[in-house]
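Letter by letter, the chains look like this.
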Amino acid sequence: MFPMLRQILRNGIVTEPAPDADIALRVTAQRLSEAMLAQLGRALVIRHVDAGSCNACELEIHALNNPYYNLEALGIKFAASPRHADMLLVTGPVAKNMEIAVKRAYDATPEPRLVVAVGDCGCTGGIFGESYASCGRVANVIPVDVCIPGCPPTPLQLMQGILAALAADRKQAEQE
Amino acid sequence: MESQTPMQFLNQAIEFEALADHAVPTYAACVDEAELLAFCDAAHAGGRRIVALWGSDERNREARLGFALHVAFDLAEGLACLTLPLSAEAPVFPDLCARFPAVNRMQRAVMDMIGARPASGDVRPWLRHANWPADYHPLRSDVPDTQHATQNEEYAFVRVEGDGVHEVPVGPIHAGIIEPGHFRFSVMGENVLRLEQRLGWKHKGIERRFAGMGLGEGVCLAGRVSGDSTVAYAWAYSQAAEAIGAVAPPPRALWLRALLLERERIVNHLGDLGYLGNDVALAFGLMQFMRLKEDWVRLNARLFGHRFMMDRIVPGGVTVDLDDAGAHAIFTQCEALESELRTLKNIYDEHAGLQDRFLTTGRVTPQLAKLLGVIGLAGRASAQHWDLRCNHACAPYDQLTPRIAIERNGDVAARAQVRFTEIKESLHLIRKILREIPVGEVRCEVRSEADKRGLGWIEGWRGDILVAVETGTDGKIRRCHCHDPSWQNWPALEHAVIDNIVPDFPLINKSFNLSYAGPDL
Ligand code: SF4
């Protein structure tokens, strides 16, 4: 027990301040009301869906939970089931073999479900594109709210995109 | 070029041609069915193994040709690739599973992609999931790249019968941040009687995508077959491209490649050790190792411009160099990691709860590992002495002389121990590289040549990766096959979980940490 405590104390808290939302990553107008965003902003649950990535996007999503980014401290956590989720975080081009599974995960997510497409692959189909085996970008299969480009996007870019899904649109924000 | 005298191996009367300009000695031969089967027997008797098995459509090369099956063997002398021509009308090849059970899924993938099938044995589809017709073979050169209607597949799982046996289906979407795959457990109470995997969900047509790409272009795609092994894939691909272009990269480039590869090994081992702790409820372990991993990838980004070093290895060399300040930063980081690792290793070793879950869990005995042909990290944890860096050391590993990490227990604890040992060894290798790296250029030009083949072979962190490239008459890629070591090791996981309890599956699975994207292609 003592070596563990010593190690924890020696390293202290390394968590860095969270970045701001990058509203430019939104691809649709904000559908959610101010009141709902305020709720979600403090307790968002994400279901990650790998629709056919190369697995490097997953490495960066894992990193979100490391002590530097500490996503959970923002009230954002990952769930094991889409039924418990407010947001789907989808990586990869959607492989043809994953098309049904992705649609089912979307259908199982309660409204108002937010969808964030991750990586160049999720945004455009990326290097894999569309083919007999790939449906291409996530938006070809389910509606998408935010696109986070990058190959893979860094954890900071991921946070900016996830927060963008929870941010009011600029116009909406300006009016208030 | 001087003409090579033909070579023979394993006392077989097959004449091999030595392929020039390969980083590891590589030989090729055209064989008939009887010769292939006899060679398999001899290789099996000699304790050798099949590295990869794949198919190709040769009809667009020459009208009289049909299809071909390629089987690459790991021999004491190097890599030997046997090619069996198959007829255009009825392409059938002998089932090689009796000697090498690990080729089962590779044979089925050949059937799906090329339309050549094994003469007997398991002929269930593998990469095809009812989302394109059974007679559509995407790697045939005369079929269009079109989408078909998506359907639900009825896959013929093997049923376990008996009182009280029930099935637990898991996936394709799993309950964590993991790649998709389907696991069908047959359980009795808590005990797993049988696990059957159904993979192929991530198949996104990579091999078809390669066709027609320029030799230089292909490396980006190869580096995205399995993103956690991007360095290893890019290096193996580049070796193949350099063999085609008949060039050797400058020595400094090779040393830098080894630096990147060992850094990639450490990144992945750190992550796995963290998640192994997490899977036995030691969140402390996860947080500590994830912090170390983040430090490591941040230095990658600072020195090499990418956290996972994607696209830094290219045919002809590397796109990055290292100055004294960079070398110093790496040195310092190695020292720091070594001391932290000592602390964490002691904590893992002394933690009774963790050891209780790790020890004897998910065992693959050395005998079973040999029978199944388990390779790479998981193989070494079951006393299988496969590590290309030691057995077929290409430059600069011939000068770095790494020590192989061997454990005998084949359980979760052994696979964790191999990771600890390998991180330590990689830290040693990295410092050796920094001390001894030659000065000079880091990149040379590679020009493609028409109708040529090249093979690249690199020990990634999971195991050995093979990339085979063939160019067409226009010098562009005609066929590129990337082979992930997970092909061989997935079946071992099915055996490792037998008689374990279902709740230990995530831990056992993590201890292998096999790739889905790599073999799904
Ligand atoms: S965006 Fe890049 S890192 Fe992410 S899945 Fe695609 S190829 Fe891999």
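Quick caveat: nothing in here was measured; it's all calculated off a predicted structure.

Conventions used here
The numbering scheme is per chain: residues are counted from 1 as the chain's sequence reads. Ligands are numbered from 1 and chains lettered from A, in the order in which they are written. In view of the model being predicted, local features appear only for residues whose pLDDT reaches at least 70, and side-chain atom pairs are presented and counted only at 80 or more, with totals across whole chains, interfaces and linings using the full set of residues. Where side-chain values are given, they derive from all heavy atoms of the structure, hydrogens and water being excluded. Secondary structure is summarised from DSSP: a helix means a run of H or I of at least four residues, a strand means a run of E of at least two, and numbering begins at the N terminus for each. Here the globule rule is a power law, 2.2 Å times the number of residues to the power 0.38, and the radius of gyration is based on C-alpha atoms. Only protein chains enter the accessibility calculation, which uses a 1.4 Å probe; a residue is then buried when its area is under 20% of its type maximum, exposed when over 50%, and partly exposed in between. Residues are treated as being in contact if the distance between any of their heavy atoms lies within 4.5 Å. In short, Shrake-Rupley with a 1.4 Å probe defines the accessible areas, and a residue's cover is counted only from the protein chains shown. A residue counts as positive if it is Lys or Arg and as negative if it is Asp or Glu; His and the chain ends are not included. Working definition for charges: the position is that of NZ of Lys, CZ of Arg, CG of Asp or CD of Glu. Buried Ala, Val, Leu, Ile, Met, Phe, Trp, Tyr and Cys residues form a nonpolar core when they are joined through side-chain atoms within 4.5 Å. An automatic or database domain assignment is the source of the domain bounds shown. Think of a patch as exposed residues, more than 30% relative accessible area, with no salt bridge, where like charges cluster within 9 Å and nonpolar side chains (Val, Leu, Ile, Met, Phe, Trp, Tyr) cluster within 5 Å. A carboxyl oxygen of Asp or Glu within 4 Å of a side-chain nitrogen of Lys or Arg is what we treat as a salt bridge. Pairing of aromatic rings covers Phe, Tyr and Trp, the last through its six-membered ring, and needs centres within 6.5 Å; plane angles under 30 degrees mean stacked, over 60 mean edge-to-face, and all others mean tilted. Only when the NZ atom of a Lys or the CZ atom of an Arg is both within 6 Å of the ring centre and within 35 degrees of the ring normal do we say a charge sits over the ring. Two strands pair under a simple rule: DSSP has to find at least two bridges between them. Note on geometry: axes are C-alpha line fits, over the in-contact stretch for helices, and angles between N-to-C directions span 0 to 180 degrees. To estimate how far a helix should reach, multiply one less than its number of residues by 1.5 Å. Buried surface area refers to the total accessible area, computed with a probe of radius 1.4 Å, that the two partners give up upon joining, counted for both partners together. As used in this structure description, the phrase polar contact means that two N or O atoms lie within 3.5 Å; if the pair is within protein, one of them must be able to donate a hydrogen and the other to accept it, and residues adjacent in sequence are counted only when both atoms belong to side chains.

Draft legend 1. Up close: the overall build of chain A. Counting secondary structure elements, chain A contains seven helices and seven strands. Element order for chain A, N to C, with α for helix and β for strand: α-α-β-α-β-β-α-β-α-β-β-β-α-α. Relative to the 2.2 N^0.38 estimate, which gives 16 Å for 176 residues, the radius of gyration of chain A is 17 Å and therefore close to what a compact globule would have. In terms of overall dimensions, chain A has a C-alpha envelope of 55 × 40 × 30 Å along the principal axes. Taken over 176 residues, chain A has a buried fraction of 58%. Long-range pairs, those at least 24 residues apart, make up 83% of the contacts in chain A between residues at least 6 apart in sequence. Taken as a whole, chain A presents about 7300 Å² of accessible surface, with 55% of it coming from carbon and sulfur. Distance from the positive charge centre (15 side chains) to the negative charge centre (18 side chains) of chain A: 6 Å.

Draft legend 2. The nonpolar core, seen in detail. The biggest cluster of nonpolar side chains holds 165 residues, and the ones touching the most others in it are B:F73, B:F210, B:Y237 and B:I330. It is helix 6 (residues 251–279) of chain B that provides the largest number of residues to this core, a total of 12 residues. Split by domain, the residues of this core number at least three in each of domain 1 (6–118) and domain 2 (251–307 + 322–442) of chain B. Each residue touching B:Y237, except ones within four places of it in the same chain, is listed here: B:F210, B:G214, B:L215, B:G218, B:V219, B:A222, B:P315, B:V467, B:V469, B:I477 and B:C480. The next biggest cluster of nonpolar side chains, apart from the first, holds 29 residues, and it includes A:L25, A:L32, A:M159 and A:A168.

Draft legend 3. Region of interest: a nonpolar patch on the surface. Nonpolar side chains collect at one region of the surface, where A:M1, A:F2, A:L5 and A:I8 lie side by side and expose about 460 Å² of accessible area between them. Examined against the element boundaries, A:L5 turns out to sit in helix 1 (residues 2–11).

Draft legend 4. Region of the structure containing the packing of aromatic side chains. All names here are of chain B. Within the structure shown, the criterion is met by 17 aromatic pairs over all chains. An aromatic cluster is built from F9, F16, Y27, F39, F73 and F100, whose rings are joined through pairwise contacts. In this structure, R49 packs its charged tip against the face of W386, placed 4.7 Å from the ring centre. Across the ring face of W296, the terminal group of R263 is positioned such that the distance to the ring centre comes to 4.1 Å.

Draft legend 5. Main features of the sheet that holds strand 5 (residues 78–86) of chain B. Residue and element names in this part refer to chain B. If you trace the five strands from one edge of the open sheet to the other, you get 1-2-5-4-3, paired in mixed fashion. Looking at strand neighbours, the two that pair on one side only are strand 1 (17–19) and strand 3 (49–57), the edges of this open sheet. Each strand axis lies, on average, 25 degrees off the axis of its neighbour in the sheet, ignoring direction. The pairing of strand 1 with strand 2 (residues 26–30) spans three bridges and is antiparallel. Residue pairing across strands places A18 opposite Y27, the latter belonging to strand 2. Set on the sheet, helix 1 (residues 33–45) makes contact with strand 2, strand 4 (67–75) and strand 5; between it and strand 4 the angle comes to about 20 degrees.

Draft legend 6. A look at helix 7 (residues 283–304) of chain B. Residues and elements named next belong to chain B. With 22 residues, helix 7 extends 31 Å from end C-alpha to end C-alpha; this agrees with the ideal 32 Å at 1.5 Å per step. In terms of burial, helix 7 is largely enclosed, as 16 of its 22 residues are buried. At the exit of helix 7 stands G305, carrying a positive phi of roughly 80 degrees.

Draft legend 7. Seen up close, the domain arrangement of chain B. Residue and element names in this part refer to chain B. Segmentation of chain B into domains returns domain 1 (6–118) and domain 2 (251–307 + 322–442). Computed from C-alpha coordinates alone, the two centres of domain 1 and domain 2 are separated by 33 Å. Residue-level contacts link 12 residues of domain 1 with six residues of domain 2. Between domain 1 and domain 2 lies a buried interface of about 740 Å² when both sides are counted; carbon and sulfur atoms form 64% of it. The tally of links between domain 1 and domain 2 comes to zero salt bridges. Linking domain 1 with domain 2 are two residue pairs in polar contact (both at pLDDT 80 or more), by the criterion used here.

Draft legend 8. Local environment of unusual backbone geometry. The peptide bond linking A:C151 to A:P152 adopts the cis configuration, its omega dihedral lying at -15 degrees. Assignment of secondary structure puts A:P152 in the loop between strand 7 (146–148) and helix 6 (155–165). Residue B:P396 is bonded to the preceding B:A395 through a cis peptide linkage, with omega at 5 degrees. With respect to the secondary-structure elements, B:P396 resides in the loop between helix 12 (388–391) and helix 13 (397–400). Located in the positive-phi region is B:D21, a residue other than glycine, with phi close to 65 degrees. B:D21 gets classed as partly exposed once you look at its relative accessible area, which sits at 35%.

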